Amino acid sequence: ALDHSTDGILELLEDPRRPGSWDRRGLVVGHVQSGKTSSYSALICKAADAGYKIIIVLAGMHNNLRSQTQIRLEEAFLGYETSPNREPGNPIGVFSEDSDPSIHPHCATTRAERGDFNASVARHFSISPEERPWLFVVKKNKSVLTKLLKWIRSPHVADATAPQTGLKIVSKLPLLVIDDEADHASVDTGEQVFDADGNPDENHQPKAINSLIRQILNSFSKSAYVGYTATPFANIFIHRSGETKLEGPDLFPQSFIKNISAPSNYVGPARVFGLRGSE
């Protein structure tokens, strides 16, 4: 079932090998504590096989949650434990399925409590279009996302210039952003003004986290954003025409919204309280 559902999500994304610029934004809705992490772990594996090179997971607001997500992805995607010096450690998880180290992804973060993206370590990263995929598991934190954005726009990563903004962008490495709990901190809670013709105010200043996520997406000519949540109400009420010159389009899931079923052993309100029968 997981294999089938993640195939369906992957089909809704763009083929990373397609030339030109593209941008896909979608939302996956699941039940509370019902396997959303397993779903995006499987999606990341398949996206990497398809050709996505930079994979960023926005893993909550706290160090312990980020570390937990990192450990899950080490087991499901990397195949090795990450150490503080970013060197592959003990083989775990998927390593038993394929132990060839030449295909194992790189990782820019570690399982340590403070193993988030670090600008000083990032100076030693070497990225090229032929490289194996790179995984970043980061908090939704202004300081962390600012450092990540600065690194993305640095000369050894960015290889082109956006004509509309004049900022450096990455044209050769397709990006996949997974936004865990996409309704938390990611949504711009400020109100953008629209004129009588429906045109957005380009001088609107979104809230910090929303702005940085959008700037990261806007720094790639090929990008896909997939939000995961059990409570999608804030996301579906994002204005579909919201946009600024610097950040680009808002995070409205304009490409797709997909529901994923709870597993057969899921215990939720329906299992506890039952469903109302016919009167």
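Data block above holds the structure.
All values reported here derive from a predicted model rather than from experimental measurement.

Engineer: Please clarify how unusual backbone geometry should be interpreted in this entry.
Structural biologist: Leaving glycine aside, a negative phi is the common case for residues, and trans is the common case for peptide bonds. Backbone geometry places Glu 181, a non-glycine residue, at a positive phi of 55°. If you trace the backbone, Glu 181 turns up in the loop between strand S9 (175-180) and helix H6 (208-218). A positive phi angle, near 75°, is found at Ala 185, a position not held by glycine. On the secondary structure map, Ala 185 appears in the loop between S9 and H6.

Engineer: I tried to follow the packing of helix H1 (residues 2-12) against helix H2 (residues 36-50) on my own but got confused; where do I start?
Structural biologist: Helix-helix packing is described using two parameters, namely the angle between the two axes and the distance between the axes. Where H1 contacts H2, the axes come no closer than 9 Å and their chain directions differ by 60°. When the axis of H1 is compared with that of H2, the two are oblique. The handedness of the crossing between H1 and H2 is right-handed. In contact with Leu 2, Asp 3, Thr 6, Asp 7, Ile 9 and Leu 10 of H1, H2 contributes Ser 38, Ser 39, Ala 42, Leu 43, Lys 46 and Ala 47. Of the residues in the contact of H1 with H2, the class split is 6 nonpolar, 3 polar and 3 charged.

Engineer: Is there a simple way to think about the sheet that holds strand S6 (residues 134-138) in this case?
Structural biologist: The pairing of strands in a sheet comes from backbone hydrogen bonds and takes either a parallel or an antiparallel form. Taking strand neighbours across the sheet as the criterion, the 7 strands line up as S5-S6-S2-S9-S10-S1-S13 in an open arrangement whose pairing is parallel. Single-partner strands in this sheet number two, and they are strand S5 (106-107) and strand S13 (256-259). Pairing geometry for strand S1 (residues 22-29) and S13, over 4 bridges, is parallel. Bridge pairing in S13 places Val 28 opposite Lys 258. With respect to the sheet, helix H3 (residues 63-78) is in contact with strand S2 (54-59), S5 and S6, its orientation differing from that of S6 by roughly 155°.

Calculation notes
Residues numbered from 1 in each chain as written. Predicted model: local features only at pLDDT ≥ 70, side-chain atom pairs only at ≥ 80, totals over all residues. Heavy atoms only, no water. Helix = DSSP H or I, 4+ residues; strand = E, 2+ residues; numbered from the N terminus. Axes fitted to C-alpha atoms, helices over the stretch in contact; angles between N-to-C directions. Parallel < 35°, antiparallel > 145°, perpendicular 65-115°, else oblique. Left-handed = near helix turned anticlockwise from the far one by under 90°. Contact = heavy atoms within 4.5 Å. Nonpolar A, V, L, I, M, F, W, Y, C, P; charged D, E, K, R; others polar. Pairing = 2+ DSSP bridges.

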